[in-house]
Amino acid sequence: LTYVSLKGVGHKYDPHPNSPMVVQDIDLDIHRHEFVAVVGPSGCGKSTLLRMVAGLLVPSHGSVSVFNLPVTEPRDDVGIVFQKANLLPWLTVRKNVLFPLKHKYGRYSSADEVRANELLEMAGLMQFADKMPDELSGGMQQRVGIVRALLLNPDILLMDEPFSALDALTREQIGFDLLDIWREHPKTVLFITHSISEAVLLSDRILVMSKRPGTVMDLIEVDLARP
Ligand code: ADP
Ligand code: ADP
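Residues numbered from 1 in each chain as written. Chains lettered and ligands numbered in written order. Predicted model: local features only at pLDDT ≥ 70, side-chain atom pairs only at ≥ 80, totals over all residues. Heavy atoms only, no water.

Per an unreviewed UniProt entry, the chain is named ABC transporter ATP-binding protein, and its organism is Marinomonas phaeophyticola. Entered under Sequence similarities (unreviewed entry) in the UniProt record, the comment concerning the chain runs "Belongs to the ABC transporter superfamily." (UniProt positions renumbered as here; feature names shortened; annotations may be inferred.)

### Observations regarding the sheet that holds strand E4 (residues 61-66)
One open sheet accounts for four strands, arranged E2-E1-E4-E5; its pairing is antiparallel. Each edge of the open sheet is held by one strand with a lone partner, namely strand E2 (23-30) and strand E5 (69-70). (Pairing = 2+ DSSP bridges. Helix = DSSP H or I, 4+ residues; strand = E, 2+ residues; numbered from the N terminus.)

### Some remarks on the side chain of Glu198
Checked against the element boundaries, Glu198 lands in helix H6 (residues 196-202). Classification of Glu198 by relative accessible area gives buried; the value is 6%. Those residues in contact with Glu198, other than ones at most four positions away along the chain, are Phe163, Arg171, Phe191 and Thr193. (Buried < 20%, exposed > 50% of the residue type's maximum accessible area, 1.4 Å probe, protein only. Contact = heavy atoms within 4.5 Å.)

### Focus: the site of ligand 2
Around ligand 2, a shell composed of Leu1, Tyr3, Arg32, His33, Phe67, Arg75, Asp77, Asp155 and Pro186 is seen. Here an oxygen atom of ligand 2 sits 2.6 Å away from a polar atom, N or O, in the side chain of Arg32. Contact distances for ligand 2 include 2.8 Å between an oxygen atom and a side-chain N or O atom of His33. When isolated, ligand 2 has an accessible area of 550 Å², and the protein chains bury 53% of it. Taken together, the residues that form the shell around ligand 2 break down as four nonpolar, one polar and four charged. (Near = heavy atom within 4 Å. Polar contact = N/O pair within 3.5 Å; in protein donor to acceptor, adjacent residues only side chain to side chain. Areas by Shrake-Rupley, 256 points an atom, 1.4 Å probe, with all protein chains shown as cover. Nonpolar A, V, L, I, M, F, W, Y, C, P; charged D, E, K, R; others polar.)

### Considering the site of ligand 1
Residues in close proximity to ligand 1 include Tyr13, Val22, Pro41, Ser42, Gly43, Cys44, Gly45, Lys46, Ser47, Thr48 and Lys211, which together make up its full environment. Here an oxygen atom of ligand 1 sits 2.9 Å away from a polar atom, N or O, in the main chain of Lys46. In the environment of ligand 1, an oxygen atom lies 2.5 Å from a nitrogen or oxygen atom belonging to the side chain of Thr48. Against a free-state accessible area of 560 Å², the protein chains account for coverage of 58% of ligand 1. Top contributing element to the shell around ligand 1 by residue count: helix H1 (residues 46-54), with three residues.

### What about the environment of Ala149?
Of note, Ala149 is situated in helix H4 (residues 138-151). Assessed through its relative accessible area of 8%, Ala149 is described here as buried. Along the chain, Ala149 and Lys12 lie 137 residues apart, while their C-alpha atoms are 29 Å from each other. Setting aside chain neighbours within four positions, we find Ala149 in contact with Ile80, Val81, Pro154 and Leu157.

### Topic: the packing of aromatic side chains
By the definition in use, this model includes four aromatic pairs. Seen from their ring centres, Phe35 and Phe191 are 5.6 Å apart, and the 55° between their planes marks the pair as tilted. Of the two residues, Phe35 is situated in strand E3 (residues 35-39) and Phe191 in strand E8 (residues 188-193); the sequence distance between them amounts to 156 residues. Residue class for Phe191 comes out buried when judged on its relative accessible area of 0%. Plain terms: the ring middles of Phe163 and Phe191 are 6.0 Å apart, the flat faces sit at 50° to each other, and that makes the pair tilted. Of this pair, Phe163 sits in the loop between strand E7 (156-160) and helix H5 (168-184) while Phe191 sits in strand E8, and the two are 28 residues apart along the sequence. Look at Phe163 and you get buried, because its relative accessible area is 0%. By the ring-pair criterion, three or more aromatic residues cluster together here, those being Phe35, Phe163, Trp182 and Phe191. (Phe/Tyr/Trp six-rings, centres within 6.5 Å; stacked < 30°, edge-to-face > 60°.)

Written out as structure tokens, the structure is:
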């Protein structure tokens, strides 16, 4: 069973026959608990790729499937973390993290609260759990966004440059914290970044997307032996 499978995926935003393909000919399988990073320069189509996997964008060419089913809309078992955490400013950190559960099921259980605390602890956020988002640094807010996504326990986690707004040192620290979390709770992840070092730190495989003038994009696969 492949978690995510892309076959001959391509996309053009503009249906006009002469308009350029933004993403082209992508074949990719992501298996259980694999952490796959996608790197490449700005504008090479990384977000477009992720949005197709997320079910937020229907590819104009090829097929995307999750658990062998074609993706036609966002799924509950696929979580997404974007560049900005977009926390609700009037809720504490803990309540922000629990908010999607409350929104979805109308309530959350004490077991959910226990798990929220565990994840906050692992992300180094426990002493901020009762603070308001604007009392946290940007890096911490991003961590809260990741904890919020993890609390829904998605089978697959998609992350679109979650740390791009942060300084290099903070990024590195968050990277190490995340590694600890993945070690304890492995996840199937598609991670977009423009930082090669972040990709090397976190991932099992790296896809390098490049943008040749005009149209086509290359896909190079690098296998990493993790220590
Ligand atoms: P990346 O995430 O690698 O920076 P994107 O996937 O955001 O790249 O964009 C790839 C290309 O598609 C860019 O040339 C961008 O301008 C174009 N593009 C992105 N979103 C849209 C859209 N909604 N409509 C038209 N063109 C878009
Ligand atoms: P873990 O909790 O270790 O991350 P998962 O929850 O991702 O494991 O998946 C456990 C098993 O259940 C997987 O091996 C997979 O085969 C199956 N599975 C999980 N979600 C789905 C789904 N939506 N459709 C089909 N099979 C699934």
